[in-house]
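Each chain, letter by letter, is given below.
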Amino acid sequence: MKRSSAAPRRAAASSEAGVREIDFDELPGYVGYQVRRTQAKIFSDFEAALANVDLTPGSFGVLTLIRANPGITQVALAAAFGVDKSTMSPVIVRLEKRGLVRREVLASDRRCHALYFERSAEASYLAAREKVRAFEAGLASRLNKGEQRELARLLRKLQGDG
């Protein structure tokens, strides 16, 4: 298998015995490995940029979709993110405890809850969104416009959507 020249094959890692080099073998040649490493780096940088806001990329995304889709159900929200309802539950609970969203039982199906963005959270949401936009602009600036479009196209293709 051909190794990717864009990714280092070896990296220093600390251990109890000191610093040693780690041989990544064929991992840097795996698309999934590179996507996951990229996601981890972006999430880490996102959380640092929004440290005083206390929102993860996932919780910001959830909050944004609830705000844009008043009354969305947890099932529909989970489907929009490609996760199951049980994965979404802890995120909703955290947002609800912080007073950012509320749940209301659906009259048509008492087993389901509609989710609503709390308007009292609008100012803090807008401040967080400005930080997210600045973060995204900095991230996107690493690529020219053509590379941004190509990356988006390739990621959709990997997701099976393009």
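Residues numbered from 1 in each chain as written. Predicted model: local features only at pLDDT ≥ 70, side-chain atom pairs only at ≥ 80, totals over all residues. Heavy atoms only, no water.

Going through the model one piece at a time under the given rule, you end up with 10 salt bridges. Connected via shared salt-bridge partners are K41, D45 and R142. (Salt bridge = Lys/Arg side-chain N within 4 Å of Asp/Glu carboxyl O.)

Before going further, it helps to spend a moment on the layout of surface pockets. Its volume calculated, the largest pocket comes out at about 1600 Å³. If you list the elements that add at least two residues to the lining of the largest pocket, you get helix 1 (31-49), helix 2 (57-68), helix 4 (85-97), helix 5 (122-140) and helix 6 (145-158). With 10 residues, the top contributor of residues to the lining of the largest pocket is helix 1. (1 Å grid on protein atoms, 1.4 Å probe; cavity = no way out; pocket = protein on both sides within 12 Å on 5 of 7 lines; lining within 4 Å. Points joined across faces, edges and corners; volume = space filled by probe spheres on them. Helix = DSSP H or I, 4+ residues; strand = E, 2+ residues; numbered from the N terminus.)

Moving on: the nonpolar core. L55, V62, L63, I66, L77, I92 and L95 are the most contacted members of the largest nonpolar core, which totals 25 residues. Looking at this core, the elements with two or more residues in it are helix 2, helix 3 (74-81), helix 4, strand 5 (113-117) and helix 5. (Core = buried A, V, L, I, M, F, W, Y, C linked by side-chain atoms within 4.5 Å. Buried < 20%, exposed > 50% of the residue type's maximum accessible area, 1.4 Å probe, protein only.)

In spatial order, the strands read 3-5-4; together these three strands make up an open sheet with antiparallel pairing. The open sheet has two edge strands with one neighbour each: strand 3 (72-73) and strand 4 (101-105). Taken together, the five bridges between strand 4 and strand 5 define a ladder with antiparallel strand orientation. Considered in strand 5, the bridge of V101 is made with F117. Against the sheet, helix 2 makes contact with strand 3, strand 4 and strand 5, and its axis sits at roughly 95 degrees relative to strand 5, the strand it touches most. (Pairing = 2+ DSSP bridges. Contact = heavy atoms within 4.5 Å. Axes fitted to C-alpha atoms, helices over the stretch in contact; angles between N-to-C directions.)

Next up on the list: the packing of helix 2 against helix 3. Axis separation between helix 2 and helix 3 bottoms out at 11 Å; the angle between their running directions is 125 degrees. Considering their axes alone, helix 2 and helix 3 lie oblique with respect to each other. Handedness of the helix 2/helix 3 crossing: right-handed. In contact with G61, V62, L65 and I66 of helix 2, helix 3 contributes L77, A80 and F81. Class assignment of the residues belonging to the contact of helix 2 with helix 3 gives a composition of six nonpolar, one polar and no charged. (Parallel < 35°, antiparallel > 145°, perpendicular 65-115°, else oblique. Left-handed = near helix turned anticlockwise from the far one by under 90°. Nonpolar A, V, L, I, M, F, W, Y, C, P; charged D, E, K, R; others polar.)

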